[in-house]
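Topology and contacts: notes
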Amino acid sequence: MLVDIVPVGSVSPEAKRAASAALRSVYDCEVSINDVQSVPGGAYDSGRNQYCAESFIQLAERVGRGEKNIAITPHDLFYRRRNYVFGLAYLDGSGSVVSTYRLGTSSDGGFSNKSAADIFEDRVRKEIVHEVGHTYGLEHCDNQRCVMNFSPTVREVDIKEENLCGSCRELIE
Ligand SMILES: [Zn+2]
Ligand SMILES: [Zn+2]
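Now for a description of the structure that goes with this document.

About the thresholds
Residues numbered from 1 in each chain as written. Chains lettered and ligands numbered in written order. Predicted model: local features only at pLDDT ≥ 70, side-chain atom pairs only at ≥ 80, totals over all residues. Pairing = 2+ DSSP bridges. Helix = DSSP H or I, 4+ residues; strand = E, 2+ residues; numbered from the N terminus. Axes fitted to C-alpha atoms, helices over the stretch in contact; angles between N-to-C directions. Contact = placed C-beta atoms within 7 Å. Core = buried A, V, L, I, M, F, W, Y, C linked by C-beta atoms within 7 Å. Buried ≥ 20, exposed ≤ 12 C-beta atoms within 10 Å, placed from the backbone.

As summarised here, the arrangement of the five strands in space is β2-β1-β5-β9-β8, forming an open sheet in which the pairing is mixed. The sheet terminates laterally at β2 (30-33) and β8 (87-89), the two strands that pair on one side only. Across the sheet, the mean angle from the axis of one strand to that of its neighbour is 20°, orientation sign disregarded. Taken together, the five bridges between strand β1 (residues 2-7) and strand β5 (residues 68-73) define a ladder with parallel strand orientation. Along β5, the bridge assignment pairs proline 7 with isoleucine 72. Helix-sheet contacts for helix α2 (residues 53-63) involve β1, β5, β8 and β9 (95-99), and the interaxial angle to β9 is about 125°.

Moving on: the nonpolar core. One finds Ala19, Leu23, Phe56, Ile70, Ala71, Val97 and Ile128 to be the most contacted residues of the largest nonpolar core, which totals 45 residues. Put simply, the parts of the chain that give this core at least two residues each are β1, α1 (13-26), α2, β5, β8, β9, α3 (116-135) and α4 (154-159). If sequence neighbours within four positions are ignored, leucine 23 has contacts with Val3, Cys29, Val31, Ile128, Val129 and Val132.

Looking now at the pairing of strand β7 (residues 82-85). Two elements, strand β6 (residues 77-79) and β7, share two bridges in a ladder whose sense is antiparallel. If you follow tyrosine 79 over to β7, its bridge partner there is arginine 82. Connecting β6 to the next strand, β7, in antiparallel fashion are two residues, including arginine 80 with a positive phi near 50°.

This part takes up the sheet that holds β7. Taking strand neighbours across the sheet as the criterion, the four strands line up as β3-β4-β6-β7 in an open arrangement whose pairing is mixed. Of all strands in the sheet, those bounded by a partner on one side alone are β3 (44-45) and β7. In terms of strand pairing, strand β4 (residues 50-52) meets β6 through two bridges, oriented parallel. Counterpart to cysteine 52 in the pairing with β6 is phenylalanine 78. Contacts from α2 reach β4, β6 and β7 within the one sheet, and its direction differs from that of β6 by about 105°.

A few words on the environment of glutamate 30. By the secondary structure assignment, glutamate 30 is in strand β2. For glutamate 30, a count of 13 C-beta atoms within 10 Å gives the class partly exposed. It is 6.2 Å that separates the C-alpha atoms of glutamate 30 and methionine 1, two residues lying 29 residues apart in sequence. Residues within four places of glutamate 30 in sequence aside, it is in contact with Met1 and Leu2.

A separate point is unusual backbone geometry. Although it is not a glycine, asparagine 49 adopts a positive phi angle of roughly 55°. Examined against the element boundaries, asparagine 49 turns out to sit in the loop between β3 and β4. With phi around 65°, aspartate 92 is a residue other than glycine that occupies positive phi space. The topology assignment puts aspartate 92 in the loop between β8 and β9. Residue class for aspartate 92 comes out exposed when judged on the 10 C-beta atoms lying within 10 Å of it.

These results come straight from atomic positions and should not be treated as a statement about function.
Encoded structure:
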C-alpha cells in the first residue's frame, strides 16, 4: 500500500515530515511526497474567502501515485454549510485532504508544556491519520482518545491520540 502526500500550495517541510511519519507509524504503508501542486482552478470561493475541500480531493486523486492520495494545504477549506473543515475524505475513497490553516491556533487542550511547533505537528499527524482512516472505510469513533473521534475544534484534536483504538484497528485488519 502506497500513500502519496500531495502538497497544494506552500506547505512547510515540518508539516510534510509530520504527515509522512504519522502515516508510516499508524498504517502498514509506504509514503511518498508528490510535487507541489497549485490550487485547483475554481476552488476559491470569494464570497467565503475559503477553498472548496472537494476540489482538493479531486486534485489528489488525479495527480496522486498511491492507492491512497492525501492533499495537504495551508489554505482554509470549507465543505457544504460547515464554516470550515480541518479535512475531508470520502468513506472508502482514494483521495482526501487536510488543511493546516487552523491547526496552529491555541487551545486549552492541556499541552502547556509543549511548544507551539510541537502542538501544530501533533495536530497535523492526527488529522492526516484521521482522513486516511476514512479512506480505509473507518467512520467516526465514540472513543475520545481514538484518532477517528470527530474533532471539529483543535481542543478535541488535542485530546485525542494519533493512534486507532482497538475496535477501529480491528476493522481495517
Ligand atoms: Zn472525520
Ligand atoms: Zn476508534
